[in-house]
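# A structural walkthrough
Chain by chain, the residues run as shown.
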Amino acid sequence: MAEDPWLTIVGLGEDGPDGLSAASRAAIAEADVVMGPERHLSLLPESAAERIVWPVPFSDGLPKLEKLRGRRTVALVSGDPFWYGGGRVIAQRLRAGEWRAMPAPSTFTLAAARMGWAVESTLCVGLHAAPLSRLRPHIARGRRMIVLLRDGEAVFDLCGWLTAAGFSETKVAVLEALGGPNERRTDGRAGTLTGDFQHPVAAALEIAGKGRTMPVVPGLDDALFDHDGQITKRPVRALTLAALAPRAGETLWDIGGGSGSVAIEWLLAHPLTEAISIEADPARARRIRANAAQLGVDRIEVVEGWAPEALGGLPDPDAVFVGGGLCAALLEHLTARLETGTRLVINAVTLESEAVLADWHARRGGDLMRIEVSEAQPLGTRRGWQAAYPVVQWRGQL
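Residues numbered from 1 in each chain as written. Predicted model: local features only at pLDDT ≥ 70, side-chain atom pairs only at ≥ 80, totals over all residues. Heavy atoms only, no water.

## Regarding the pairing of strand β18 (residues 382–387)
Convention followed: Paired strands, in this sense, are two strands between which DSSP finds at least two bridges. Think of it this way: any DSSP run of H or I at least four residues long counts as a helix, any run of E at least two long counts as a strand, and we number them from the N terminus.
Here strand β17 (residues 374–379) pairs with β18 via six bridges, running antiparallel. The residue of β18 that forms the bridge with Ala376 is Trp385. With antiparallel pairing between neighbouring strands as the criterion, β17 and β18 make up a hairpin whose turn holds two residues, including Gly380 at a positive phi of roughly 65°.

Printed below as a string of structure tokens:
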């Protein structure tokens, strides 16, 4: 018979033991050690169990927790341990049979109950240690959001960010210490909210205003990206994303990242996509990171260096885009390195890179397309067509 887990992860709310199930209270009463944040420990009555304050940052407490293996231990976390809680990190460190979890209502659940909102149609985001720009792809007029924040000051950071983005009319309900005796709600607008807010705090938002929302199809305006001219322009980028065909859970290699526009739009396609941008120029690499953060996809990984040398040690991708540095040696390296079936899209502008693609197409097949785009520009007192450099695109599989 399998032994009982030595660790119980207990979700604790602001109401302390009163809000716990009988099983959670029993686990705490029978524990040899109770470990948790000082605020959580202070909610518990005195007992014979040893108490250990979980240090900050959270990761520093994991080795201490593992040293308690073999003793009946309770780890206290806020609300639901597996919804922006510490349960996921703890579980990753231990074997499946070592722990069990007893969740309490999450802050999201309590906030939705106070607002009368359906949780399944409300965006729930934890921004304790994440940039506010992660909200950018999700901002839409009329959308409801519940956002967990690190402290009271972050409420005004959030309102300032919304106001700067043109959504100062957003309704904001600041919800403090939900579920406990000190629970408090303050309502206002993002542009005018005042108050003195304490941790723990959540903000329930109803987005309103005349700000610019993000398109939901590929081909973002070039002006949204900081660049030095090294950017895949909007029409070509839309065709490139269509050729790459991002799918949930897939990883892209963006070789010759430039401004990062292709990798960023790949990430915007779905929250489970991943992207690694390879860029040799340090200034452009910094620009890629800044563009990604500004557009809410700071999960991008940027590798500084030249391909193919910089590709060593990277996880294999599902798709590869080559937007710069194309040569026959790179294509041969990709063929030898990557699994058969990996999708590959290459854009070429120079005669030399076109020649490489023409030879590649003759030997490997795939689709070869020439993209020519002209835009209306002033021509004296009238207008004429100004042609951009044509782009030759190859699409296929390795």
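## With respect to the layout of surface pockets
Quick note on the threshold: A cavity here means a set of points on a 1 Å grid, drawn over the protein atoms and nothing else, where a 1.4 Å probe fits but cannot get out; a pocket is an open set with protein on both sides within 12 Å along at least five of seven lines, and a residue lines either one if it has an atom within 4 Å of a point. Grid points are joined across faces, edges and corners, and a volume is the space filled by probe spheres set on the points.
Of the volumes computed, that of the second largest pocket is approximately 820 Å³. In this structure, the second largest pocket is lined by 37 residues; those nearest its centre are Ile231, Thr232, Lys233, Val349 and Val391. Residue assignment for the lining of the second largest pocket shows that the elements contributing at least two residues are α7 (234–244), α8 (261–269), β15 (343–348), α11 (351–364), β17 and β18. Considering each element in turn, the lining of the second largest pocket owes the most residues, three residues, to β17.

## Side note on the packing of aromatic side chains
Using the following cut-off: Two aromatic rings, drawn from Phe, Tyr or Trp (for Trp, its six-membered ring), form a pair once their centres lie within 6.5 Å of each other, and the interplanar angle then sorts them: stacked below 30 degrees, edge-to-face above 60, tilted otherwise. The buried label goes to any residue with under 20% of its type's maximum accessible area, the exposed label to any with over 50%, and the partly exposed label to all in between, with areas taken from a 1.4 Å probe on protein chains only.
Within this structure, the stated rule accounts for six aromatic pairs. Where Trp83 meets Phe108, the ring centres are 4.7 Å apart and the plane angle is 40°; that geometry is what we call tilted. Highlighted residues: Trp83 in the loop between β4 (73–78) and α4 (87–93) and Phe108 in helix α5 (residues 107–115), separated in sequence by 25 residues. Taking relative accessible area as the criterion, Trp83 reaches 30% and is therefore assigned partly exposed. With a relative accessible area of 0%, Phe108 lands in the buried category. Judged by centre distance (5.9 Å) and plane angle (75°), the ring pair of Trp360 and Trp394 falls under edge-to-face. Within this pair, whereas Trp360 is found in helix α11, its partner Trp394 is found in strand β19 (residues 391–397), the two being separated by 34 residues in sequence. Like Trp394, Trp360 is buried. An aromatic cluster of three or more residues is present, and its members are Trp83, Tyr84 and Phe108.

## A closer look at the sheet that holds strand β7 (residues 144–149)
The following threshold applies: Angles here are taken between N-to-C directions and fall from 0 to 180 degrees, while the axes themselves are lines fitted to C-alpha atoms, restricted in helices to the stretch in contact. By definition in these notes, contact holds between two residues if any of their heavy atoms fall within 4.5 Å.
Taken together, the five strands give an open sheet; going across it, the order is β6-β7-β10-β8-β9, and neighbouring strands pair in mixed fashion. Bordering the open sheet on either side are β6 (123–126) and β9 (184–189), each of which pairs with just one other strand. Between one strand and the next, the sheet's axes are offset by a mean angle of 20°, whatever the strand orientation. Taken together, the six bridges between β7 and strand β10 (residues 201–206) define a ladder with antiparallel strand orientation. Bridging across to β10, Leu149 finds its partner in Val201. Sheet strands touched by α5: β6, β7, β8 (171–176), β9 and β10. Its angle to β7, the strand with the most contacts, is close to 135°. Sitting on the sheet, helix α6 (residues 152–164) is in contact with β7, β8 and β10, with an inclination near 20° to β10.

## Here's the deal with the sheet that holds strand β12 (residues 274–279)
Taken together, seven strands build an open sheet; the order of strands is β13-β12-β11-β14-β15-β19-β16 and the sheet is mixed. Looking along the sheet, the strands with just one partner apiece sit at the ends: β13 (301–304) and β16 (367–371). Here the average twist between neighbouring strands, direction ignored, is 15°. With four bridges joining them, β12 and β13 adopt parallel strand pairing. Looking at β13, one finds that Ile278 is bridged to Val303. Across the sheet, helix α9 (residues 282–294) is in contact with β12 and β13; its angle to β13 comes to roughly 180°.

## What to know about the pattern of salt bridges
For the record, the criterion: Between Lys or Arg on one side and Asp or Glu on the other, a salt bridge is scored when a side-chain nitrogen of the former is within 4 Å of a carboxyl oxygen of the latter.
Evaluated as defined, the whole model comprises 26 salt bridges. The closest approach of N and O atoms between Arg185 and Asp187, which form a salt bridge, is 2.9 Å. Ionic pairing is found between Arg337 and Asp316, a salt bridge with its closest N-O pair at 3.2 Å. Of the two residues, Arg337 sits in helix α10 (residues 328–337) while Asp316 sits in the loop between β13 and β14 (319–322), which places them 21 residues apart along the sequence.

## Concerning unusual backbone geometry
Residue Pro57 follows Val56 across a cis peptide bond; omega there is 5°. Secondary-structure assignment places Pro57 in the loop between β3 (50–53) and α3 (61–66). For Tyr84, which is not a glycine, the phi torsion comes out positive at approximately 55°. Take Tyr84: its relative accessible area is 46%, and that puts it in the partly exposed class. Phi angles above zero are rare outside glycine, and Ala177 is one such case at about 50°. Checked against the element boundaries, Ala177 lands in the loop between β8 and β9. Residue classification places Ala177 among the buried positions, given a relative accessible area of 9%.

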